[in-house]
Amino acid sequence: KMDADARPRLTKYSKLLAVTAGAALLAWLTLSVGIASVTRLRAPDVALSWRPGDSRAQSQKAVEALARIRSRDDLLAAERLATSALSRDLTNVTALRGFALATATRDPQKTPSLFNLAARLSRRDLPTRLWLIEERVQANDVPGAIRHYDIAMRTSNQARELLFPILIQASEDGATASALVQVLAENPNWAEQFLPQLYREGPSPETLFAITRGLTAAGVPPRWQLVSALTDRILASKGYDLAW
């Protein structure tokens with residue numbers, strides 16, 4: 001029989017062992033979560049080796065797979081990764097975007113609705129917004145495309161760097177210039193950064209004049225420094241009537 005002093009010692013050691021095991025498990029979980037969170041975007045394979053079910057790492061791996069598609073099997077592999085990521089996190093926009101792209105050839109009718117759902121989940125996902133811009137351009141919906149430009153540039157400095165030059169060149173089209181005026185009249189947070197670049201790089205003084213007049217008609221106070229620079233530019237091209 002176990003003596004009376006041995007029982008308390010055994011109980012004490014059992015509790016100590018349980019606490020030690022629990023602490024070790026917690027430390028491992030903390031380490032795995034930490035490594036996965038750091039590596040899931042740059043090295044998703046590393047993240048998945050620590051956390052096989054990490055939704056963000058799976059979705060990143062799906063996006064990378066889509067960028068190097070060589071066969072139908074590659075496409076199916078990307079779809080499986082995106083589906084698995086979504087099964088763990090339905091709010092994972094990258095996974096939803098990856099799923100939309102992976103299934104686009106098989107079920108193209110659903111692609112726009114999937115991208116619109118991704119856009120509702122996050123206004124900040126630039127690849128989703130770029131896809132929607134192109135989709136509206138292809139549908140000849142200029143106001144719809146400009147609205148997506150607006151949302152992208154409101155939420156991302158990277159989008160401004162990418163889209164400002166494209167939008168400036170596109171503003172030469174009358175329909176685009178008109179839609180642009182409507183958005184600029186709302187004084188979006190990117191307007192102060194965009195307008196000087198527009199007046200400096202705009203394709204023609206006539207287009208810039210039309211945009212200036214449209215903004216004034218919409219009740220936007222003139223930016224006199226820009227108007228003065230535009231007038232000088234018009235005079236340099238001998239457009240005296242337009243300058244007046």
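Because the structure is a prediction, the values reported are computed rather than measured.

Novice: Explain the overall build of the chain here, please?
Specialist: When its secondary structure is counted, the chain shows 14 helices and 0 strands. N-terminal to C-terminal, the α/β element order of the chain is α-α-α-α-α-α-α-α-α-α-α-α-α-α. Each of the 244 residues in the chain was classed as buried or not, and the buried ones make up 39%. With the model as given, the accessible surface of the chain reaches about 14,600 Å², and the carbon-plus-sulfur share is 58%.

Novice: What's the story with helix 12 (residues 205-217) in this structure? I'm lost.
Specialist: Three or four residues apart is the spacing at which side chains of an α-helix point the same way, because the helix has 3.6 residues per turn. If you check helix 12, its first and last C-alpha atoms are 18 Å apart, about what 13 residues at 1.5 Å a residue would give, namely 18 Å. Taken residue by residue, helix 12 has Pro205, Thr207, Leu208, Ile211, Thr212 and Leu215 as its buried positions. One side of helix 12 holds all its buried residues, which, seen down the axis, span an arc of 160°. Exposed and oriented more than 90 degrees from the buried face of helix 12 are Arg213 and Ala217. Along its buried surface, helix 12 packs onto helix 10 (174-184), helix 11 (191-201), helix 13 (224-236) and helix 14 (240-243). Following helix 12 by one or two positions, glycine 219 has its phi on the positive side, about 90°.

Novice: Before we go on, may I ask you to explain the packing of helix 3 (residues 55-66) against helix 4 (residues 72-88) in this structure?
Specialist: Packed helices, taken two at a time, are described by their axes: the angle between them and the distance between them. Remark: helix 3 packs on helix 4, axes separated minimally by 8 Å, with the N-to-C direction vectors making an angle of 160°. Between helix 3 and helix 4, the angle falls in the class roughly antiparallel. In terms of crossing hand, the pair formed by helix 3 and helix 4 is left-handed. Residue-level contacts link Ser55, Gln58, Ser59, Lys61, Ala62, Ala65 and Leu66 of helix 3 to Leu75, Ala78, Leu81, Ala82, Ser84, Ala85 and Arg88 of helix 4. When grouped by side-chain class, the residues that make up the contact of helix 3 with helix 4 number 8 nonpolar, 4 polar and 2 charged.

Novice: Help me out: how do you make sense of the packing of helix 3 against helix 5 (residues 93-102) in this one?
Specialist: Two numbers describe how helix 3 lies on helix 5: the axes approach to 8 Å, and their chain directions differ by 35°. The two elements helix 3 and helix 5 meet at a crossing, and its hand is left-handed. From helix 3, Arg56, Ser59, Val63 and Leu66 reach across to helix 5, where they touch Val93, Thr94, Ala95, Arg97, Gly98, Leu101 and Ala102.

Novice: Hey, could you run me through the packing of aromatic side chains in this one?
Specialist: To describe a pair of aromatic rings, one takes the distance between the centres and the angle between the planes. Scanning the model with the defined rule gives 4 aromatic pairs in all. Look at phenylalanine 164 and tryptophan 190: their rings are 6.3 Å apart centre to centre, the planes differ by 50°, and that puts the pair in the tilted class. Pair noted here: phenylalanine 164 is in helix 9 (residues 157-170) and tryptophan 190 is in the loop between helix 10 and helix 11, with a separation of 26 residues, a long-range link. Residue tryptophan 190 is classed as buried on the basis of its relative accessible area of 0%. Centre to centre, the rings of tryptophan 190 and phenylalanine 194 are 5.3 Å apart; their planes meet at 80°, and the pair counts as edge-to-face. For phenylalanine 194, a relative accessible area of 0% puts it in the buried group. An aromatic cluster is present here, built from Phe164, Trp190 and Phe194 joined pairwise through their rings.

Novice: Please explain the pattern of salt bridges as it appears in this structure.
Specialist: Here the structure, examined in full by the defined rule, presents 11 salt bridges. Across the salt bridge formed by aspartate 107 and lysine 110, the nearest N and O atoms sit 3.6 Å from each other. Arginine 136 is the salt-bridge partner of glutamate 135, the closest N and O atoms lying 2.8 Å from each other. With a relative accessible area of 23%, arginine 136 lands in the partly exposed category. If you follow the salt bridges from partner to partner, you end up with Arg147, Asp150, Arg154 and Glu186 in one network.

Novice: Got a minute to help me understand helix 4 in this structure?
Specialist: Taking 1.5 Å of rise per residue, 17 residues should cover 24 Å, and helix 4 covers 25 Å from first to last C-alpha, within 8% of that figure. Buried residues belonging to helix 4 abut helix 3 and helix 5.

Novice: Whenever I open this one, the side chain of arginine 97 confuses me. Can you help?
Specialist: Note that arginine 97 resides in helix 5. In contact with arginine 97, not counting residues within four places along its chain, are Val63, Phe115, Asp125, Pro127 and Thr128.

Definitions and limits used
Residues numbered from 1 in each chain as written. Predicted model: local features only at pLDDT ≥ 70, side-chain atom pairs only at ≥ 80, totals over all residues. Heavy atoms only, no water. Helix = DSSP H or I, 4+ residues; strand = E, 2+ residues; numbered from the N terminus. Buried < 20%, exposed > 50% of the residue type's maximum accessible area, 1.4 Å probe, protein only. Areas by Shrake-Rupley, 256 points an atom, 1.4 Å probe, with all protein chains shown as cover. Expected span 1.5 Å × (residues − 1). Arc of directions from axis to C-beta. Contact = heavy atoms within 4.5 Å. Axes fitted to C-alpha atoms, helices over the stretch in contact; angles between N-to-C directions. Parallel < 35°, antiparallel > 145°, perpendicular 65-115°, else oblique. Left-handed = near helix turned anticlockwise from the far one by under 90°. Nonpolar A, V, L, I, M, F, W, Y, C, P; charged D, E, K, R; others polar. Phe/Tyr/Trp six-rings, centres within 6.5 Å; stacked < 30°, edge-to-face > 60°. Salt bridge = Lys/Arg side-chain N within 4 Å of Asp/Glu carboxyl O.

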